[in-house]
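# Per-entry structural report
Listed here are the chains, written in short residue letters.
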Amino acid sequence: MRNFAADMKKILIILGCMLAIVSCTEKKVYETNTIYKSTTVSVEYVIESWEYTNYVNADGLPYDNNFFFKTVDVPELTAEAVKKGNIHVYRVYKDYQACLPEVTHFEEVLEDNSWNYFTQTVNFIYGQGWMVFDVTHSDFFYEDDLTYVPETMRFRVVITQ
């Protein structure tokens, strides 16, 4: 005959092990770096003239997502800064600054007393040694009025590494 107490002990041990395995959760690992010294660079850019993408489809008609842009050289955007740095870009006004992307809603009265409503989005992308500022209007009104260009804008780029 088998020993009932020994069998129960084995069953309890197996159940305990199963409970321990099932109750384990995934441990998240976060990399923490102690920074003893960091470098912050702040550079301002004034964009007075904008380029227009002017992309057209196969029929020669403008795409609905054309936008204005300006590419600038940013030598402070090193490979290390792009990979591990903190890059912040602000649009600078006279009395305040706005973080990019900046989304602003506008309304304007047209010549026939109707209203035009649109949204202006100012954004940026960057890579090693360069940055592109871009301005997009939600109504893409530029295709009808080729005289429009965005106003002069001032930007502050802050790079911390």
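Bear in mind the structure is a predicted one, so any value in this text is a computation, not a measurement.

A tally of helices and strands in the protein yields 2 helices and 9 strands. Across the 161 residues that make up the protein, the buried fraction comes to 26%. Taking as baseline every contact in the protein between residues at least 6 positions apart, the subset at least 24 positions apart corresponds to 60%. Carbon and sulfur atoms provide 56% of the accessible area of the protein, an area that totals close to 12200 Å².

In this model, the protein carries a mean pLDDT of 82, and residues with pLDDT of at least 70 account for 78%. Across the protein, element-level confidence peaks in strand β5 (residues 97-99) with a mean pLDDT of 97 and bottoms out in helix α1 (residues 4-23) with 67.

It is worth spelling out unusual backbone geometry at this point. In the segment running from Leu-100 into Pro-101, the intervening peptide bond is cis, with an omega of 5°. Following the sequence through the fold, Pro-101 ends up in the loop between β5 and β6 (102-109). Even without being a glycine, Asn-113 presents a positive backbone phi close to 65°. Relative to the helices and strands, Asn-113 resides in the loop between β6 and β7 (115-127).

Another aspect to go through is the side chain of Glu-102. Within the secondary structure layout, Glu-102 lies in strand β6. A polar contact of 2.6 Å, which involves the side chain of Glu-102, links it to the side chain of Tyr-93. With sequence-adjacent residues up to four places away left out, Glu-102 is seen in contact with Arg-91, Tyr-93, Gln-120, Thr-121 and Val-122.

Glancing now at a nonpolar patch on the surface. Where nonpolar side chains cluster on the molecular surface, the patch consists of Phe-4, Met-8 and Ile-11 and spans about 310 Å² of accessible area. With respect to the helices, strands and loops of the structure, Met-8 is situated in helix α1. Of the residues examined, Met-8 reaches a relative accessible area of 34% and is grouped as partly exposed.

Moving on, we get to the sheet that holds strand β2 (residues 51-52). Read from one edge of the open sheet, 5 strands run β2-β3-β8-β7-β6, paired in antiparallel fashion. The two strands at the open ends of the sheet, each matched to only one other strand, are β2 and β6. Judged from the 8 bridges that link them, β6 and β7 form a sheet pairing that is antiparallel. Bridged to His-105 within β7 is Thr-119.

Okay, the packing of aromatic side chains next. Enumeration according to the criterion identifies 8 aromatic pairs in this entry. Arranged with centres 6.3 Å apart and planes meeting at 50°, the rings of Tyr-45 and Phe-133 form a pair that is tilted. In this pair, Tyr-45 sits in strand β1 (residues 40-47) while Phe-133 sits in strand β8 (residues 130-137), placing the two residues 88 residues apart along the sequence. The residues Tyr-45 and Phe-133 share a single accessibility class, namely buried. Ring centres 4.8 Å apart and planes at 45° place the aromatic pair Tyr-52 and Phe-68 in the tilted group.

About the thresholds
Every chain's residues receive numbers from 1 upward, in the order its sequence appears when written. Totals for whole chains, interfaces and linings use all residues, but because this is a predicted model, local features are given only for residues with pLDDT of at least 70 and pairs of side-chain atoms are given and counted only at 80 or more. Computation of side-chain values: all heavy atoms of the structure, hydrogens and water removed. Helix and strand assignments come from DSSP, with helices taken as H or I runs of at least 4 residues and strands as E runs of at least 2, each series counted from the N terminus. Exposure classes here rest on a 1.4 Å probe applied to the protein chains alone. A residue is buried below 20% of its type maximum, exposed above 50%, and partly exposed in between. In this analysis, two residues are considered to be in contact whenever any of their non-hydrogen atoms come within 4.5 Å of each other. What sets the accessible areas is the Shrake-Rupley method with a 1.4 Å probe; for residues, cover comes only from the shown protein chains. pLDDT is a residue-level measure of predictor confidence that goes from 0 to 100. Polar contacts, as used here, are pairs of N or O atoms within 3.5 Å; protein pairs need one atom able to donate a hydrogen and one able to accept it. Residues neighboring in sequence count only if both atoms are side-chain atoms. The patches reported here contain residues having more than 30% relative accessible area and no salt bridge. Joining distances are 9 Å for like charges and 5 Å for nonpolar side chains (Val, Leu, Ile, Met, Phe, Trp, Tyr). One side-chain nitrogen of Lys or Arg within 4 Å of one carboxyl oxygen of Asp or Glu is enough to make a salt bridge. Here, any two strands with at least 2 DSSP bridges between them count as paired. Only Phe, Tyr and Trp rings take part, Trp by its six-membered ring, and two of them pair if their centres are within 6.5 Å. Stacked means planes under 30 degrees apart, edge-to-face means over 60, and tilted covers everything else.

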